[in-house]
Amino acid sequence: MLKIHDMNNIASVDLNLLVAFDAILRERSITLAAQRIGLSQPAMSSAQTDLVVTVPRRLALAFAGYPNLRLFEPPIPIVPFEIKQHWHKRYHHDQANRWLRQLLAELFLE
């Protein structure tokens, strides 16, 4: 498995992961890529995590200065999503819960 700290050592790359990555890029779907190369969907999902991580731009930019880490735009469109908070009505006025909700809202607002 390729780790960030040994990206300059090509001998450490598991070439089987490249087969999985190629199938994902061709199919544009984890499920279809898994079927293409004869893996289960969970196995294909696991294989891709050794190669790539998709994170919000704000988080990626926070790590942009790390050595041996490269940032790329995703090869497929990423559909925007909303982060929502839900809580039981009995905690609506609870001070600790209100503090936590506010903190989370500040962290996730862009």
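Residues numbered from 1 in each chain as written. Predicted model: local features only at pLDDT ≥ 70, side-chain atom pairs only at ≥ 80, totals over all residues. Heavy atoms only, no water.

S.K.: Talk me through helix H2 (residues 30–37); I want residue IDs and the actual numbers.
M.R.: By the burial criterion, the buried members of H2 are Ile30, Ala33 and Ala34. Seen from one end, H2 has its buried residues packed into an arc of 100 degrees, which puts them on one side. Downstream of H2 by a residue or two, Gly38 has a phi angle that is positive, lying close to 80 degrees. (Buried < 20%, exposed > 50% of the residue type's maximum accessible area, 1.4 Å probe, protein only. Helix = DSSP H or I, 4+ residues; strand = E, 2+ residues; numbered from the N terminus. Arc of directions from axis to C-beta.)

S.K.: Break down the nonpolar core for me, with residues and values.
M.R.: By size, the foremost hydrophobic cluster in this structure holds seven residues: Ala20, Ala23, Ile24, Ile30, Ala33, Ala34 and Met44. The set of elements that each furnish at least two residues to this core consists of helix H1 (15–27) and H2. Those residues in contact with Ala23, other than ones at most four positions away along the chain, are Arg28, Ala33, Arg36, Ile37 and Met44. (Core = buried A, V, L, I, M, F, W, Y, C linked by side-chain atoms within 4.5 Å. Contact = heavy atoms within 4.5 Å.)

S.K.: An account of the confidence of the model for the chain is needed here, citing residue identities and associated values.
M.R.: Mean pLDDT over the chain: 78, with 79% of residues reaching 70 or higher. Across the chain, element-level confidence peaks in helix H5 (residues 95–108) with a mean pLDDT of 89 and bottoms out in helix H3 (residues 41–49) with 74. In the predicted structure, residues 1–6 sits below a pLDDT of 50 and forms eleven contacts with residues beyond four places in sequence or in another chain. (pLDDT = per-residue confidence, 0-100.)

S.K.: Quick one: what's the story with the environment of Leu104, residue by residue and with numbers?
M.R.: Secondary-structure assignment places Leu104 in helix H5. Residue classification places Leu104 among the partly exposed positions, given a relative accessible area of 30%. Linking Leu104 and Lys84, residues 20 residues apart in sequence, is a C-alpha distance of 9.9 Å.

S.K.: I'd love a proper account of the side chain of Arg101, names of residues and values included.
M.R.: Assignment of secondary structure puts Arg101 in helix H5. At 6.7 Å, Asp94 is the nearest oppositely charged side chain to Arg101, a buried residue that forms no salt bridge. Those residues in contact with Arg101 that sit more than four places away from it in its chain are Gln85, Trp87, Tyr91 and His92. (Lys, Arg positive; Asp, Glu negative; His and termini not counted. Salt bridge = Lys/Arg side-chain N within 4 Å of Asp/Glu carboxyl O.)

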